[in-house]
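Spelled out, the chains give:
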Amino acid sequence: MKSLSSYLHSGQLDLARKLFDRIPNPDLRALTLLLSAYSKHGRPKQSIALYRKFCKEKNLQPDRYVILSVAKACSLSLDTFEAKELHRDAIRFKLTSDLLVGNAFIDMYGKCRLIEEAISVFDQMPGKDVISWTSLIFAHANCKQSGEALRTFREMLISGMKPNSVTLCTVLPVCLAMKAINLGKEIHGFALRNRFEDNVWVSSGLINMYAKSLNLRLARYVFDGLLDRDTVSWNTMLSSYFSIGNSEEALELFGKMKSVEDQMNCASWNCMVSGFAQNGRVRQSVEMFAQMQHSGFRANEITIASVLPACSNMENIRGGKEIHGYTYRHCFIKDKMILTALVLLYAKCGDLMKSRLVFDQMINKDTVAWNAMIFANSMHGCGEDALCLYHQMIKSGMKPNSMTFMGVLSGCSHSLFVEEGRAIFSAMSRDFGIQPDAEHYSCMVDVLCRAGHLQGAYEFIQGMPMEPIASAWGAMLAACRLYKNVELGKISADRLFEIEPENPGNYVLFSNILMNAKLFDDASKIRKLMRDRGVKKVPGRSWIQIKNKVYTFVKDDDKMPCRDEIYGFLEEIGKKMKLEGYKPDTDFVVQNVEGEKMEEALCSHSERLAVAFGAMNLNGESVIRVFKNLRICGDCHNAIKFMSKILGVGITVRDNLRFHHFRDGSCSCHDRW
């Protein structure tokens, strides 16, 4: 027995089993030790198998301790069949009147989500203690019966049974689920009266309840009153501040947590990395990731999955590549969530080829991964590849969801695949039972509009089963400028002025439609309407990353880096561009200037400044990547085609609609964006 205990204590279960099997007639104590050890070390199925083997071969007559050990194994493995069989054994050997066994069966059935069986055991127990009541409350809660859980808690109080700390920890999440915060406050009062406030589990439960019900004042009150705060309490408060968008309070609290080093763990850092990312403070998220590493904490899969979207939103391909390397070094590269985040990172940073390489490395692709790659191709204007991926996805047996169709339809619109778009739209409900929503209808409007089917798109909008949203009319308005349709442009603009009166892009776009149609008085009225409503045009802004620094450019910015050098570069390359056949399109000059001033105005557009700065700082790079907050100017689009040919490098510009890949004097969008 001593040798068996020694093996079990050191975790050498296989050696212990060999020794156990050599015992001619092992007693129930030895059997119980081995059964419990299997469960303790995460091998509950072996515990159940051993018990069944003994029942069959040794005609076992179990005692309460054997039954308790196997009940624990059934709870861990969630084996409902064996749970019921074990209960029958306990009845046969007259062990069900035992309080410990009854409590174990309530807990077992609760974890296996067999609520009727749990209630039956509870009702048939001759005597009940606080554990019996608490186990039944947990069983109801685990079976998503929050109302019954609270009713059982009230019955417990009426019966005169006094809750313990475990009861309170069990019922507090139920109060949150039922939004019964007043009952939670009563439990808080009970905890104070019965001196449970120093119990870290009860206090953590109170903090969690108050925090997730957005009562941060009471959550912080409980937290500040804790004499012995655990890591869970700290982390709960941190995540709660982030959940209401209060990043500053979270940062201040994290600073205090740092002074109590033994309370900080990897989850604390993950909370900060993901919290900043979710609140749009992506730069701080990446900085926090760097601090985490410098502090000696090793990032895990959750950290990587949190920081990669932050790099994506910053278009920080350099940082993303470094994190990609980290995932290889630390063997996270098989994690689907991380690989999907990398697919999106490279796509959003303009490297579609790298995005596809990561996608192809994935062994078991889920719907999210397929959707990510479909969207990646769509945003880069590769509609044919998006469609091909969609068909491969269906062929693989993966079922598409609502987002899949959003991605495919977007790809069809950028590539002018009208018939393919119509077929995909019809297949949604017909083949997959997914009813198109307003966003899907808007995508279909965009498919028709980009291909010049404006009247068909207008009729499609009129036939929508729901009210058209801004993106549907926005697609219509953009197409009206491209195809010079003033009548439908006016209808679209009027609807947009009602739906989103504060969006300056709609006023500017419609004004440009009128200007191009020589309707100057009408265009002036739209500009006046914009001023009267206090709507201001968003200035064009472009940015580029050189090494680890991001440089931002705005038109007519006298303080931009290397201003004179950039304009000198543009002047020199402008001469070469004209020799190649470039002619400035002065229709894109909105200022009231003439002659050479018009050309100078075009040269000062933010995207052209950023491209010039990138060309001056290539440092061996083969691609210049520029990002812009608005749609790329038509003249700049034409000019950058010439620049790519003269410079002999690829130039990628991501505007607010899509990516444009310029190479050798042409663009991937085929001049239809």
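Every chain begins its residue count from 1, and numbering advances along the sequence as written. Only residues with pLDDT of at least 70 get local features here, since the model is predicted, and only at 80 or more are side-chain atom pairs given and counted; chain-wide, interface and lining totals rely on the full set of residues. Working from all heavy atoms in the structure, the side-chain values ignore hydrogens and water.

1. Observations concerning the packing of helix 2 (residues 13-21) against helix 3 (residues 28-40)
Thought 1: Relative to each other, helix 2 and helix 3 sit at 155 degrees, their axes nearing to 11 Å. One finds that helix 2 runs roughly antiparallel with respect to helix 3. In this structure, the crossing between helix 2 and helix 3 has a hand that is left-handed. Where helix 2 abuts helix 3, its residues L13, A16, R17 and F20 lie against A30, L31, L34, A37 and Y38.
Thought 2: Split into classes, the residues belonging to the contact of helix 2 with helix 3 amount to 8 nonpolar, no polar and 1 charged. Axis angles are defined between N-to-C directions and span 0 to 180 degrees, where every axis is a line fitted to C-alpha atoms and, for a helix, only to the segment in contact. Think of it this way: any DSSP run of H or I at least four residues long counts as a helix, any run of E at least two long counts as a strand, and we number them from the N terminus. Any angle that is under 35 degrees is reported as roughly parallel, and any over 145 degrees as roughly antiparallel; angles of 65 to 115 degrees are reported as roughly perpendicular and all others as oblique. Crossing handedness: left-handed means the near helix sits turned counterclockwise from the far one by under a right angle, and right-handed means the same turn made clockwise. We call two residues in contact when some of their heavy atoms are within 4.5 Å. Ten residues, namely Ala, Val, Leu, Ile, Met, Phe, Trp, Tyr, Cys and Pro, are considered nonpolar, four, namely Asp, Glu, Lys and Arg, are considered charged, and the remaining ones, Gly among them, are considered polar.

2. What to know about the UniProt feature "repeat: PPR" (unreviewed entry) in the protein chain
Thought 1: UniProt positions are given in the numbering used here, feature names are shortened, and annotations may be inferred rather than shown by experiment. The residues that UniProt annotates with the feature "repeat: PPR" (unreviewed entry) are residues 27-62, 129-163, 230-264, 265-299 and 366-400.
Thought 2: Helix makes up 75% of residues 27-62 and strand 0%, with an end-to-end C-alpha separation of 10 Å.
Thought 3: Secondary structure across residues 366-400 comprises 74% helix and 0% strand; the distance between its end C-alpha atoms is 10 Å.

3. A few points about the environment of G534
Thought 1: Note that G534 resides in the loop between helix 32 (520-532) and strand 1 (541-546).
Thought 2: The buried label applies to any residue whose accessible area, calculated with a 1.4 Å probe on protein chains only, is under 20% of its type's maximum; exposed applies above 50%, and partly exposed to all values in between. Residue classification places G534 among the exposed residues on the basis of a relative accessible area of 54%.
Thought 3: Sequence separation between G534 and K256 is 278 residues; the distance between their C-alpha atoms is 44 Å.

4. A look at the environment of N142
Thought 1: As for its placement among the helices and strands, N142 is situated in helix 9 (residues 130-142).
Thought 2: Taking C-alpha positions, N142 is 38 Å from F375, a pair spaced 233 residues apart along the chain.
Thought 3: Ignoring anything within four residues of it in the chain, the contact list for N142 reads G110, K111 and R113.

5. A look at the sheet that holds strand 1
Thought 1: What the 6 strands build is an open sheet, ordered 2-1-3-4-5-6; its pairing is mixed. If you trace the sheet from one side to the other, it starts and ends with strand 2 (549-554) and strand 6 (666-667), each paired once.
Thought 2: Bridge count for strand 3 (residues 623-628) against strand 4 (residues 650-654) is 5 bridges, and the pairing is parallel. Looking at strand 4, one finds that V626 is bridged to V653. Strands are labelled as partners when DSSP assigns at least two bridges between them.

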